[in-house]
Amino acid sequence: MTPHINAKKGAFAKLVLMPGDPLRAKYIADNYLENVELVSNVRNVLMYTGYYQGNKVSICASGMGVPSIGIYSYELFNEYGVEAIIRIGSAGSLKAEIKNYEMILAKDAYSTNTTFRANIIKNNFENTAKPNDDLNKLILKNAKLLGMKIHEERVLSEDAFYSCSSIEERIEKSEGAVCVEMEAYGLFTVAEKLNKKAATILTISDNLITKEYTTSEERQNSFNEMMKLALSLAKEFQ
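Reading the values: the criteria
- Residues numbered from 1 in each chain as written.
- Predicted model: local features only at pLDDT ≥ 70, side-chain atom pairs only at ≥ 80, totals over all residues.
- Heavy atoms only, no water.
- Helix = DSSP H or I, 4+ residues; strand = E, 2+ residues; numbered from the N terminus.
- Buried < 20%, exposed > 50% of the residue type's maximum accessible area, 1.4 Å probe, protein only.
- Polar contact = N/O pair within 3.5 Å; in protein donor to acceptor, adjacent residues only side chain to side chain.
- Contact = heavy atoms within 4.5 Å.
- Salt bridge = Lys/Arg side-chain N within 4 Å of Asp/Glu carboxyl O.
- Axes fitted to C-alpha atoms, helices over the stretch in contact; angles between N-to-C directions.
- Parallel < 35°, antiparallel > 145°, perpendicular 65-115°, else oblique.
- Left-handed = near helix turned anticlockwise from the far one by under 90°.
- Nonpolar A, V, L, I, M, F, W, Y, C, P; charged D, E, K, R; others polar.
- Phe/Tyr/Trp six-rings, centres within 6.5 Å; stacked < 30°, edge-to-face > 60°.
- Core = buried A, V, L, I, M, F, W, Y, C linked by side-chain atoms within 4.5 Å.
- Expected span 1.5 Å × (residues − 1).

**So, the environment of Glu236**
Move 1: For Glu236, the location among the structural elements is in the segment after helix 8 (224–231).
Move 2: Overall, Glu236 belongs to the partly exposed group, its relative accessible area being 38%.
Move 3: Sequence-wise, Glu236 and Leu15 are 221 residues apart; in three dimensions their C-alpha atoms are separated by 8.7 Å.

Pasting the structure below:
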């Protein structure tokens, strides 16, 4: 047990899929997993372990923002022997041509706030954090096998959901990010520190250029493709 996870040792699979929303974690567990068990529920941050097509996998909520995903990913990696975490979340498109429901695979994550990274990796103030290259290659391979379209692009990880910066300023400061989210930079930093694997798959839930938005129900239903893609990697971590 840790201060934030009340699961027993051995409760988690080697691969963890990590949505931000605890109810999305429950949705995946209820609709995709067999022999599923709720293994941690501290602060209602729901975490499950079960089987997808016979392969053990865990689904763990991360909450919102770098500090939150930083806590859960660190404890899962460091205390529970998890080998890989794939964040599966939503993002706002910064490009008119990248439409709602399209999937983005983060090739790296850019943040203007480097304090978290410097605290995790001593004196490292780099603005960019990277996913595991092998894990990204597996995701691209499985997406092709499943006939799914996915863009591998830079993402912007911001601390403030409500930003006073214009879209143009956000694109410029991130040096070309195509969408904005709140967690990938933290996850990649923790994985780098602990020599683990991490990746981020995002579904566009709203377009900040065209002002097209989705409802919470639409987001839940449209994320099924992303969920299936992430779950398809479970067989690689048995």
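**A look at the side chain of Ser157**
Move 1: The topology assignment puts Ser157 in strand 8 (residues 150–157).
Move 2: In this structure Ser157 comes out as buried when scored by relative accessible area, which is 2%.
Move 3: A polar side-chain atom of Ser157 sits 2.4 Å from a polar atom in the side chain of Glu181.
Move 4: Reaching out from Ser157, the side chain makes a polar contact with the backbone nitrogen of Tyr185 at a distance of 3.2 Å.
Move 5: Beyond its immediate sequence surroundings of up to four residues, Ser157 is in contact with Ala109, Tyr110, Ser111, Glu181, Glu183, Ala184 and Tyr185.

**With respect to the environment of Lys26**
Move 1: Assignment of secondary structure puts Lys26 in helix 1 (residues 22–32).
Move 2: Sequence separation of Lys26 and Arg219 is 193 residues, and the distance between their C-alpha atoms is 15 Å.
Move 3: Apart from the residues lying within four places of it in its own chain, the contact partners of Lys26 are Leu46 and Tyr48.
Move 4: In terms of polar contacts, Lys26 uses its side chain to reach the side chain of Asp30, at 2.7 Å.

**Observations regarding the pattern of salt bridges**
Move 1: Following the criterion strictly, the structure yields twelve salt bridges and no others.
Move 2: Note that Arg87 and Glu183 form a salt bridge whose closest N and O atoms lie 2.9 Å from each other. Taken together, the positions of Arg87 in strand 5 (residues 84–93) and Glu183 in the loop between strand 9 (179–181) and helix 6 (184–194) put the pair 96 residues apart, joining distant regions of the chain.
Move 3: Residue classification places Glu183 among the buried positions, given a relative accessible area of 5%.
Move 4: One salt bridge connects Glu158 with Lys173, and the closest N-O pair in it is separated by 3.3 Å.

**Some details on the packing of helix 1 against helix 8**
Move 1: Interaxial distance between helix 1 and helix 8 falls to 12 Å at its minimum, and their mutual angle equals 70°. In terms of their interaxial angle, helix 1 and helix 8 are classed as roughly perpendicular. By crossing handedness, the relation of helix 1 to helix 8 is classed as right-handed. The segment helix 1 lies against helix 8, with Arg24, Tyr27, Ile28 and Tyr32 engaging Asn224, Met227, Lys228 and Leu231.
Move 2: A class-by-class count of the residues in the contact of helix 1 with helix 8 yields five nonpolar, one polar and two charged.

**Section: the packing of aromatic side chains**
Move 1: Counted according to the given criterion, the structure contains two aromatic pairs.
Move 2: Plain terms: the ring middles of Phe12 and Tyr80 are 5.0 Å apart, the flat faces sit at 80° to each other, and that makes the pair edge-to-face. Within this pair, whereas Phe12 is found in the segment before strand 1 (15–18), its partner Tyr80 is found in helix 2 (residues 66–80), the two being separated by 68 residues in sequence. Tyr80 shares its class with Phe12; the two are buried.

**Some thoughts on the side chain of Glu181**
Move 1: Its place among the elements puts Glu181 in strand 9.
Move 2: What makes Glu181 buried here is its relative accessible area of 3%.
Move 3: For Glu181, the side chain forms a polar contact with the main-chain nitrogen of Glu183, separated by 3.0 Å.
Move 4: Setting aside anything within four residues of it in sequence, one finds Glu181 in contact with Arg87, Ser90, Ala91, Val155, Leu156, Ser157, Glu158 and Leu202.

**Things to note about the nonpolar core**
Within soluble globular proteins, side chains that are nonpolar tend to cluster in buried spots.
Move 1: Membership of the largest hydrophobic core comes to 75 residues, with the highest contact counts inside it found for Phe12, Ile86, Ile139 and Ile201.
Move 2: No other element matches helix 6, which puts seven residues into this core.
Move 3: Excluding its chain neighbours within four sequence positions, the residues that come into contact with Ile139 are Ile86, Leu105, Ile150, Ala199, Ile201, Leu229 and Leu233.

**As for helix 2**
Move 1: For helix 2, built from 15 residues, the straight-helix expectation of 21 Å at 1.5 Å per residue is met to within 8% by its first-to-last C-alpha distance of 20 Å.
Move 2: Residues Val66, Ser68, Ile69, Gly70, Tyr72, Ser73, Glu75, Leu76, Phe77 and Tyr80 constitute the buried set of helix 2.
Move 3: Two residues or fewer past helix 2, Gly81 is found with a positive phi of approximately 70°.

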